[in-house]
Amino acid sequence: MCPGCWLVLPVRHLDPPDRFNASGECWQIFSDLSCYTVSKQDPEFIHQYAVDAYEAQHAGGKTRNITVVFGLIGLYLALEKGFTGRQVQLAHMRIARVRKDWPRLEPPARPATLTVVDVQKAPDGPEKDAMIRRWMAAVWESWADRQVWVREMTDALINRYPG
Ligand SMILES: [Zn+2]
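This text gives an overview of the structure that appears in the document. (Residues numbered from 1 in each chain as written. Predicted model: local features only at pLDDT ≥ 70, side-chain atom pairs only at ≥ 80, totals over all residues. Heavy atoms only, no water.)

1. Thoughts on the packing of helix 1 (residues 24-40) against helix 6 (residues 126-142)
- Contact geometry of helix 1 with helix 6 gives a least axis separation of 12 Å together with a crossing angle of 120°. Relative to helix 6, the element helix 1 is oriented oblique. Where helix 1 crosses over helix 6, the handedness of that crossing is left-handed. Counted together, Phe 30, Leu 33, Tyr 36, Thr 37 and Lys 40 of helix 1 and Lys 128, Asp 129, Ile 132 and Trp 135 of helix 6 form the full contact between these two elements.
- Of the residues that constitute the contact of helix 1 with helix 6, the class distribution is five nonpolar, one polar and three charged. (Axes fitted to C-alpha atoms, helices over the stretch in contact; angles between N-to-C directions. Helix = DSSP H or I, 4+ residues; strand = E, 2+ residues; numbered from the N terminus. Parallel < 35°, antiparallel > 145°, perpendicular 65-115°, else oblique. Left-handed = near helix turned anticlockwise from the far one by under 90°. Contact = heavy atoms within 4.5 Å. Nonpolar A, V, L, I, M, F, W, Y, C, P; charged D, E, K, R; others polar.)

2. Here's the deal with the packing of aromatic side chains
- Counting across every chain of the model gives seven aromatic pairs.
- Taking the centre distance of 5.6 Å and the plane angle of 35° together, the rings of Trp 27 and Phe 30 count as tilted. Of this pair, Trp 27 and Phe 30 are both found in helix 1, three residues apart, which corresponds to roughly one turn of the helix.
- Relative accessible area serves as the criterion here: at 6%, Phe 30 is assigned to the buried category.
- Considering the side-chain rings of Phe 30 and Tyr 54, the 4.3 Å spacing of their centres and the 20° angle between planes classify their relative orientation as stacked. Placement of the pair is Phe 30 in helix 1 and Tyr 54 in helix 2 (residues 47-56), with a sequence separation of 24 residues. Exposure class is identical for Phe 30 and Tyr 54. Each is buried.
- Following the ring pairs from residue to residue traces out a cluster consisting of Phe 20, Trp 27, Phe 30 and Tyr 54.
- Residue placement shows Lys 128 over the ring face of Tyr 36; its charged tip is 5.6 Å from the ring centre. (Phe/Tyr/Trp six-rings, centres within 6.5 Å; stacked < 30°, edge-to-face > 60°. Buried < 20%, exposed > 50% of the residue type's maximum accessible area, 1.4 Å probe, protein only. Lys NZ or Arg CZ within 6 Å of the ring centre and 35° of its normal.)

3. Description of the nonpolar core
- Leu 33, Tyr 54, Leu 72, Leu 75, Val 116, Trp 135 and Trp 143 are the most contacted members of the largest nonpolar core, which totals 50 residues.
- Put simply, the parts of the chain that give this core at least two residues each are helix 1, helix 2, helix 3 (65-81), helix 4 (85-98), helix 5 (116-121), helix 6 and helix 7 (147-160).
- Examining the composition of this core, we find that nine residues originate from one element, helix 3, more than from any other.
- Other than its neighbours up to four places away in sequence, Leu 75 contacts Asp 52, Ala 53, Ala 56, Glu 80, Met 136, Val 139 and Trp 140. (Core = buried A, V, L, I, M, F, W, Y, C linked by side-chain atoms within 4.5 Å.)

4. A look at the coordination of the zinc ion
- Taken together, the protein ligands of the zinc ion are Cys 2 (SG), Cys 5 (SG), Cys 26 (SG) and His 58 (NE2), with distances of 2.0 to 2.3 Å.
- For the zinc ion, the four donor atoms in the first shell make angles of 105 to 116° at the metal, a pattern classed as tetrahedral.
- In primary sequence terms, the donor set of the zinc ion follows C-x2-C-x20-C-x31-H. This pair shows no difference in class: Cys 2 is buried, exactly as Cys 5 is. (Donors = N, O, S within 2.8 Å, 3.2 Å for Na, K, Ca; no water. Tetrahedral: all angles 85-135°; square planar, octahedral: opposite > 155°, others 65-115°.)

Here's what the structure looks like:
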């Protein structure tokens, strides 16, 4: 079982990633999905959505504090503010410049209802892209008790340091 997203996959004895609290098998599926999202070269940059969902879904263990928080910031901006992936990327860069210390967020007590494998099962194209959005929403929902903090912290930083 993946220690981050609780996904159960057949054991393939893959090495776990260096930067994520994830099983090697889970990470392999995300790597395959990344090949798809990066190769789209879409102006919206949907790849960022997948990265943020994966980051926010793999808190704990060796995952860095900033990784989890930035994943949650990305989910918030995309889902509630309508940011494209490209706009989220720019917001991350601005926020990284003005704040360096981030709290450690413990993973939600209950896992999100969707994981990277649900996305990867969907056929490439509009169905997979729609599933990425559903995955983001499911991960955001799993962090319900942190949403207020994420909204207030993100809004304060963006308003104080616009563009
Ligand atoms: Zn996982």
